[in-house]
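Each chain, written out:
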Amino acid sequence: MSTEQSRSYLTVRDLVVHFPTSDGVVKATDGLSYEVSRGKTLGIVGESGSGKSVSSSAILGLHRGTNAQVSGEILLDGVDLLTISDEEMRRKRGKDVAMIFQDPLSAMHPYYSVGNQIAEAYRVHNNVSRRAARARAIEMLDRVGIPQPSRRVDDYPHQFSGGMRQRAMIAMSLINDPGLLIADEPTTALDVTVQAQILDLLQDLQREFNSAIIIITHDLGVVAEMADDVLVMYGGRAVEYGPTAEILVRPEMPYTWGLLSSVPDVTGDVDAKLIPIPGNPPSLLHPPSGCAFHPRCTHRDKVPGNLCFTEMPELLPVADGRNHTKRCHLANPDEVYAVEVLPAIAPDLAEEQR
Amino acid sequence: MFAYIVRRAVIGVALLIVMSLVTFILFFSGAFDPARNACGKVCSPAQIEQTSKALGYDKPILTQWGSFLAGIVVGRDYPLDKKVREENPDLVTHCAAPCLGYSMVNTDTVNNVLKSAIPISVSIALVAFVFWIIGGLLFGIIAAMTKGSFLDRGIVGLSLIFYAFPTFVVGSLLLRFVAIKWQIFALPVYVPLTQSPGLWFTNLILPAVTLALFYMAAYARMSRAFIIEASTEDYVRTAKAKGVKKVPLMFKHTLRAALTPLVTMAGLDLAILLGGAIITEDVFGFHGLGLLAVTSNSRQDLPTIVGIVLLLSTFVIIANIVVDILYAYIDPRVRLD
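Please read all numbers here as calculations on a predicted model, not as lab measurements.

1. Examining the interface of chain A and chain B
Moving on, step 1. If you look at the interface, chain A gives 24 residues, while chain B gives 19 residues.
Moving on, step 2. Here chain A meets chain B over a buried area of about 2,200 Å², counting both sides, of which 59% is carbon and sulfur.
Moving on, step 3. Linking chain A to chain B there are 2 salt bridges.
Moving on, step 4. Residue Glu120(A) pairs with Lys252(B) through a salt bridge whose shortest N-O separation is 3.5 Å.
Moving on, step 5. Of all elements in the fold, only α3 (104-107), α4 (114-125) and α7 (162-174) of chain A reach the threshold of two or more residues within the side of chain A that touches chain B.
Moving on, step 6. Per-element tally for the side of chain A that touches chain B: the top contributor is α4(A), with 6 residues.
Moving on, step 7. Looking at the side of chain A that touches chain B residue by residue, the classes come out as 13 nonpolar, 7 polar and 4 charged.

Now the structure itself:
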């Protein structure tokens, strides 16, 4: 989305990930498109089961060898990752595209030392000696802020604290200087203070390595802090996509409003209400008719002709031609947001705008 | 580590002492008179009394147990009655420590009776163990790596058949065809390892295979299940995301995690097998501990039964300690202290 970069490093076009089961096809991701440039960060936001992790695993080719049906295009630096061989994909994993997982305790092998696991990531892609790989691992541990790295390199994951484990995971993922880093809820399992440190570290390293980052989260605070662009996912599809500043200030899709309403603001007005989104995420096996969000949408009656129940809205640019797309039938979303949503969740902000 | 082993050993010895008391009471305060039993079918009351004195059955049960325990530490001399020994010096049998008693049925010390049976059972168990671990793991890995394929289904199906088939059928078939009809192997007869390692091994192949097939089937299925379970772990996904190749992914990351529960089971299964494989020994006519336990039982040879029970308990206790030490070696999160 960022216009100043001529070519994006990762381009995903019409990505589909379906899992055939005995009960039917689970449509985990459907028709997803986005792009990220080097040095830029895309935040993918959504509830559990909205397809955000599944679509990112597809970039790493982690669905290969399973019964998942993946189609569309995933262009990484011009190469379509869905058409290359398994061996070519393996060579790219950890080298051109790396991933950080949610819970670093379960994501690191309990039986091998931290240094062993980091060095392994280096030795897989570089023909170097054990000693050289170990030295490189210590260097990376130092870079991500582990104190006394030459001593801690031989520790096992259970001897690290949660924040240190996530730092070690970051060291492991960045050791080959990948062009794209996918962080799947990297701070969810951590204390808030540690969360901020990890996000700072990721931003520092992004500047240093000039990598593209996809950060998957359900925390809009993380998005506001990190992301240049935001992609909101619901029921396996993109429902709103645009630059972060634009999406967070002028959201046009009721689901995004719902997400914003669910975020507590510690410095905000005490009169501000925390309004949860009613209901549960949709079934990916039997998605609702029409707009997937309509069963939970409080604004569906504003659309004439029961359109929300019968017809899935297209992902279209917003009315005044800003760099922003949304999937919603509402004719006057800006007005509804300003009049109904904003006064309830941020009365002071609504006051200012009036 | 050393302190841990010492502590576990002390607990083990305490457990053995309790075990000995329980088996002692069970057998020696049973419905029938052990002296009469030891003496034989046609014994005059005087002869029975003599036997009772010679073996100490005339003493209270706790005294008998006490001298049994003392005998394990310092050894004993039979007949137990000092006067009888002095009168008949040529009848005296010395039972060196650790003395497990005297079997009147075998007219020998229990130690000597066990001594001839232990190497046979241990040999069968060890060779079978090697076969079944190699085979079980190999088929388990192949099945797990080709999960859902024709090969996987074949391995799972075959293992079910071998698991369900009684050992005596498999043993008899092997004996009937491999040894007798096709004469690939000679009829197995136990040859001590010290006499000829080559013959020792070739004679053990058929009984060991008979025993191993059953366990191999179980271990193939278990290791398949453990590997498939381990391969869904987050850290295996991490390794895959690092670009680790398929073979190291299986052996370094997945198998290492799947191995832990297998080690526990393998250790305990081996310990129990060391105490004898009754049916296999019977089919092939190997007079090991299993067969000895059965014949001692039918002949009501109480001292031998007590000896076998204590020996088996010792195997199990040692195996438990070894498994725990191996556990700490495999999993760095486990600390022995």
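2. Some remarks on the packing of helix α6 (residues 110-145) of chain B against helix α11 (residues 246-274) of chain B
Residues and elements named next belong to chain B.
Moving on, step 1. Here α6 crosses α11 at 150°, and the two axes come no closer than 11 Å. For the element pair α6 / α11, the angle class is roughly antiparallel. You can see that α6 and α11 cross each other, and the crossing is right-handed. Judged by residue contacts, Ser 121, Val 122, Ala 125, Leu 126, Phe 129, Trp 132, Ile 133, Leu 137, Ile 141 and Met 145 of α6 engage Lys 246, Met 250, Phe 251, Leu 255, Leu 262, Ala 266, Asp 269, Leu 270, Leu 273 and Leu 274 from α11.
Moving on, step 2. The class makeup of the residues in the contact of α6 with α11 is 17 nonpolar, 1 polar and 2 charged.

3. Quick notes on the domain arrangement of chain B
Residue and element names in this part refer to chain B.
Moving on, step 1. Split by domain assignment, chain B resolves into domain 1 (2-109) and domain 2 (112-330).
Moving on, step 2. Counting residues at the interface gives 26 residues for domain 1, matched by 21 residues for domain 2.
Moving on, step 3. In total, domain 1 and domain 2 occlude about 2,100 Å² of area from one another, counting both sides; carbon and sulfur atoms represent 70% of this.
Moving on, step 4. Put simply, domain 1 and domain 2 have 1 salt bridge between them.
Moving on, step 5. Measuring nitrogen to oxygen at the nearest pair gives 2.3 Å for the salt bridge that ties Asp 324 to Arg 8.
Moving on, step 6. At the junction of domain 1 and domain 2, the tally comes to 8 residue pairs in polar contact (both at pLDDT 80 or more).
Moving on, step 7. Broken down by secondary-structure element, the contributors of at least two residues to the side of domain 1 that touches domain 2 are α1 (2-28), α2 (34-39), α4 (61-74), β3 (102-103) and β4 (108-109).
Moving on, step 8. Considering each element in turn, the side of domain 1 that touches domain 2 owes the most residues, 13 residues, to α1.
Moving on, step 9. Looking at the side of domain 1 that touches domain 2 residue by residue, the classes come out as 17 nonpolar, 7 polar and 2 charged.

4. Focus: the sheet that holds strand β10 (residues 237-243) of chain A
Strand pairing in a sheet relies on backbone hydrogen bonds. The paired strands run either parallel or antiparallel.
Residues and elements named next belong to chain A.
Moving on, step 1. The 8 strands are arranged β6-β7-β8-β3-β9-β10-β12-β11 in an open sheet whose pairing can be described as mixed. Two strands lie at the open edges of the sheet, namely β6 (97-100) and β11 (316-317), each paired on one side alone.
Moving on, step 2. In this sheet, β10 lies alongside strand β9 (residues 229-234) in antiparallel orientation, the contact comprising 6 bridges. Directly across from Asp 229, in β10, lies its bridge partner Pro 243.
Moving on, step 3. The strands that helix α1 (residues 52-59) touches are β3 (41-45), β6, β7 (180-184), β8 (212-217) and β9; relative to β8, the one it contacts most, it runs at about 150°.
Moving on, step 4. Of the strands in this sheet, β3, β9 and β10 are in contact with helix α11 (residues 254-261), which crosses β9 at around 105°.

5. A look at a negative patch on the surface
Moving on, step 1. On the surface, Asp265(A), Asp271(A), Asp348(A), Glu351(A) and Glu352(A) cluster together to form a negatively charged patch.
Moving on, step 2. With respect to the element layout, Asp265(A) can be found in the loop between α11 and α12 (307-310).

6. Thoughts on the state of the cysteines
Moving on, step 1. For the structure shown, the criterion picks out 1 disulfide over all chains.
Moving on, step 2. Note that Cys95(B) is cross-linked by a disulfide to Cys99(B), the S-S spacing being 2.1 Å. Residues Cys95(B) and Cys99(B) share a disulfide whose torsion about the S-S bond is about 110°; that sign makes it right-handed. Grouping residues by exposure puts Cys95(B) and Cys99(B) together as buried.
Moving on, step 3. Free cysteine Cys297(A): the closest other cysteine sulfur is in Cys308(A), separated by 6.0 Å.
Moving on, step 4. Residue Cys297(A) is classed as buried on the basis of its relative accessible area, which comes to 12%.
Moving on, step 5. Free cysteine Cys308(A): the closest other cysteine sulfur is in Cys291(A), separated by 5.9 Å.

7. Observations regarding the domain arrangement of chain A
When the parts of a complex come together, some accessible area is lost, and that lost area is often taken as the interface size.
Moving on, step 1. Domain parsing of chain A yields domain 1 (105-177) and domain 2 (250-353).
Moving on, step 2. Between the C-alpha centres of domain 1 of chain A and domain 2 of chain A there is a distance of 43 Å.

8. Regarding the sheet that holds strand β4 (residues 69-76) of chain A
Residues and elements named next belong to chain A.
Moving on, step 1. Spatially, 4 strands are ordered β2-β1-β4-β5 in an open sheet, and the strand pairing comes out antiparallel. The open sheet has two edge strands, β2 (24-36) and β5 (79-80), and neither has a second partner.
Moving on, step 2. Two strands pair when backbone bridges link them, and β4 and β5 are joined in this way by 2 bridges, in the antiparallel orientation. From the neighbouring strand, Leu 75 faces β5, where its bridge partner is Asp 80.
Moving on, step 3. Each of β1 (10-21), β2 and β4 touches α1; the most contacted strand, β1, lies at about 110° to it.

Thresholds applied
- Residues numbered from 1 in each chain as written.
- Chains lettered and ligands numbered in written order.
- Predicted model: local features only at pLDDT ≥ 70, side-chain atom pairs only at ≥ 80, totals over all residues.
- Heavy atoms only, no water.
- Contact = heavy atoms within 4.5 Å.
- Buried area = accessible area lost by both parts, 1.4 Å probe.
- Salt bridge = Lys/Arg side-chain N within 4 Å of Asp/Glu carboxyl O.
- Helix = DSSP H or I, 4+ residues; strand = E, 2+ residues; numbered from the N terminus.
- Nonpolar A, V, L, I, M, F, W, Y, C, P; charged D, E, K, R; others polar.
- Axes fitted to C-alpha atoms, helices over the stretch in contact; angles between N-to-C directions.
- Parallel < 35°, antiparallel > 145°, perpendicular 65-115°, else oblique.
- Left-handed = near helix turned anticlockwise from the far one by under 90°.
- Domains from an automatic or database assignment.
- Polar contact = N/O pair within 3.5 Å; in protein donor to acceptor, adjacent residues only side chain to side chain.
- Pairing = 2+ DSSP bridges.
- Patch = residues over 30% accessible without salt bridge, like charges linked within 9 Å, V, L, I, M, F, W, Y side chains within 5 Å.
- Areas by Shrake-Rupley, 256 points an atom, 1.4 Å probe, with all protein chains shown as cover.
- Lys, Arg positive; Asp, Glu negative; His and termini not counted.
- Charge placed at Lys NZ, Arg CZ, Asp CG, Glu CD.
- Disulfide = S-S within 2.5 Å.
- Buried < 20%, exposed > 50% of the residue type's maximum accessible area, 1.4 Å probe, protein only.

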